[in-house]
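Here's the letter readout for the chains.
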Amino acid sequence: MKIPGKMQLIQLSATGDADNLRIASGPTPRPRSGEVLIRVAAAGINRPDLLQRRGLYPQPPGASETLGLEIAGTVVKAAAGVQSPRVGEQVCALLAGGGYAEYATAPATQCLPIPARLSMLEASALPEAFFTVWSNLFMPGNLGADESILIHGGSSGIGTTAIAIAHAFGARVIVTAGSDEKCQACLRLGANHAINYRTQDFVQQVRSLQDGKGVDVVLDIIGGSYFARNLELLNMRGRIIQIGLQQGSEVMLPLLTLMQKRASVTGSTLRPRSIGEKAVIAQQLRQQVWPLIESGKIRPPLIDKVFPLAEAAQAHAWMERGAHIGKIVLQVAH
Ligand SMILES: NC(=O)c1ccc[n+]([C@@H]2O[C@H](COP(=O)([O-])OP(=O)(O)OC[C@H]3O[C@@H](n4cnc5c(N)ncnc54)[C@H](OP(=O)(O)O)[C@@H]3O)[C@@H](O)[C@H]2O)c1
């Protein structure tokens, strides 16, 4: 297949509002050592893209300036020595950037097969949330099948994925979400309980749902005032896993409570992790999670809305509006 020298991509004219995202033409990237070139069928949108657009989350050194952390598509070229995936294979891939485009490069080790029965659109919505959730819940978090977890923002891209994975691995799942409709969606995805945090106090609700106890793990994307309440809710040897800071990063940590509960506070960001670390996460997903997607135990990701590539600005505005449930995706090729 002939690979054109130029391609369509989404350019950010200046950091700021969604309107600064425009369709443009630019050079088709070339795969570097260990990479493949993928003709993009669809690209997932993630909240970190919005932060990058506003200038609050710059791309790591060497990453594409173009936004986009996840795609699905067809491998059209592989660097010398890359054995897998091969040219012609359909994959989804985690990127450090460059997904909002007709072609993107990815380290071969960050490509995973499209799970059977999933469309390219669905598969493009897997990598960022699945790499993030798996590497936090199961690598440091070590969530057990007999444990309980509180997931904040249950209807987000991250939240819907966390519900699906935690439920499939047998944990008791409680979520918070911002409307009754979002709560219902979380219950349909497998959450045991959903708390509308706008109308109910989540600390009180969790306590009453857990017969006075708290939870073993909290997956938090909020931070700020949620931290103290999360800590208050932790059971003995509980873990707070911080992966987002929508309410801010400065918090007070009462060390005595930490000691008395023998609790741990951890967290991570996915994007700056090394290619080696991401390869380990990819391998674990392939072995332990992809079979569950293929068997139907983990349902395909919930896609809220699909926009054509040229409407990336509208897609960002849609996410900023905050009414979505699940993932927002850009359709790049038909
Ligand atoms: N650390 C990492 O490696 C990593 C990787 C990817 C994403 N993230 C983070 O994960 C978060 C979700 O990302 P996403 O792409 O899934 O975005 P998203 O779909 O836009 O999710 C944002 C969610 O936050 C919820 N929310 C806002 N305030 C809340 C509150 N006070 N209590 C409970 N929920 C609240 C929103 O819904 P409602 O307000 O309606 O409940 C919405 O569901 C973001 O903070 C992002 O930066 C971290």
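Now for a look at the structure at hand. Treat the numbers as computed from the prediction; the structure is a model and nothing was measured.

Basis of the calculations
Residues numbered from 1 in each chain as written. Predicted model: local features only at pLDDT ≥ 70, side-chain atom pairs only at ≥ 80, totals over all residues. Heavy atoms only, no water. Axes fitted to C-alpha atoms, helices over the stretch in contact; angles between N-to-C directions. Helix = DSSP H or I, 4+ residues; strand = E, 2+ residues; numbered from the N terminus. Parallel < 35°, antiparallel > 145°, perpendicular 65-115°, else oblique. Left-handed = near helix turned anticlockwise from the far one by under 90°. Contact = heavy atoms within 4.5 Å. Nonpolar A, V, L, I, M, F, W, Y, C, P; charged D, E, K, R; others polar. Pairing = 2+ DSSP bridges. Near = heavy atom within 4 Å. Polar contact = N/O pair within 3.5 Å; in protein donor to acceptor, adjacent residues only side chain to side chain. Areas by Shrake-Rupley, 256 points an atom, 1.4 Å probe, with all protein chains shown as cover. 1 Å grid on protein atoms, 1.4 Å probe; cavity = no way out; pocket = protein on both sides within 12 Å on 5 of 7 lines; lining within 4 Å. Sits in = over half its atoms within 2 Å of the grid points. Points joined across faces, edges and corners; volume = space filled by probe spheres on them. Domains from an automatic or database assignment.

**A closer look at the packing of helix H3 (residues 127-137) against helix H4 (residues 157-168)**
In a pair of packed helices, the angle between the axes and the distance between the axes together describe the arrangement. Close contact between H3 and H4 brings their axes to 9 Å; oriented N to C, the two are set at 55°. For the element pair H3 / H4, the angle class is oblique. Judged by the twist between their axes, the crossing of H3 over H4 is right-handed. Taken together, the residues of H4 that come into contact with H3 (itself represented by Ala129, Phe130, Thr132, Val133, Trp134 and Leu137) are Gly157, Ile158, Thr161, Ala162, Ile165 and Ala166. For the contact of H3 with H4, the class distribution of residues is nine nonpolar, three polar and no charged.

**Considering the sheet that holds strand E11 (residues 215-220)**
Spatially, E10-E9-E8-E11-E12-E13 is the arrangement adopted by the six strands of the open sheet, whose pairing is parallel. Pairing within the sheet leaves two strands with one partner each, and these edge strands are strand E10 (193-196) and strand E13 (264-267). Direction aside, neighbouring strands of the sheet carry axes that sit 20° apart on average. One ladder, built from four bridges, connects strand E9 (residues 172-177) with E10; its direction is parallel. Looking at the pairing, threonine 176 lines up with isoleucine 195 of E10. Running over the sheet, helix H5 (residues 180-188) touches E9 and E10 and is turned about 165° from E10.

**Remarks on the site of the ligand**
The immediate surroundings of the ligand are formed by 27 residues, with Arg47, Lys182, Tyr197, Ser268 and His324 found nearest. At 3.0 Å from an oxygen atom of the ligand is found a main-chain nitrogen or oxygen belonging to glycine 157. Between the ligand and isoleucine 243, the relevant distance is 3.0 Å, taken from a nitrogen atom to a main-chain nitrogen or oxygen of the residue. Protein coverage of the free-state accessible area of the ligand, which is 910 Å², stands at 91%. Judged by its atoms lying within 2 Å of the grid points, the ligand is housed in the largest pocket.

**Observations regarding the layout of surface pockets**
Within this model, the largest pocket holds a volume of roughly 1100 Å³. As for the largest pocket, its lining consists of 43 residues, of which Arg47, Ser156, Ile221, Gly244 and Gln246 are closest to the centre. Secondary-structure elements contributing two or more residues to the lining of the largest pocket are helix H1 (47-53), H3, H4, E9 and helix H10 (312-321). Sort the elements by how many residues they give to the lining of the largest pocket and H1 lands first, with four residues. Of the residues assigned to the lining of the largest pocket, the class counts are 16 nonpolar, 19 polar and eight charged. Inspection of the lining of the largest pocket shows a minimum of three residues originating in each of domain 1 (6-126 + 271-331) and domain 2 (141-267). In this structure, the second largest pocket spans a volume of roughly 830 Å³. Lining the second largest pocket are 38 residues, with Gly62, Ala63, Ser64, Glu65 and Gly97 sitting closest to its centre. For the lining of the second largest pocket, the secondary structure elements donating two or more residues are strand E1 (6-12), strand E6 (103-107) and helix H9 (275-295). For the lining of the second largest pocket, the class distribution of residues is 20 nonpolar, 11 polar and seven charged.

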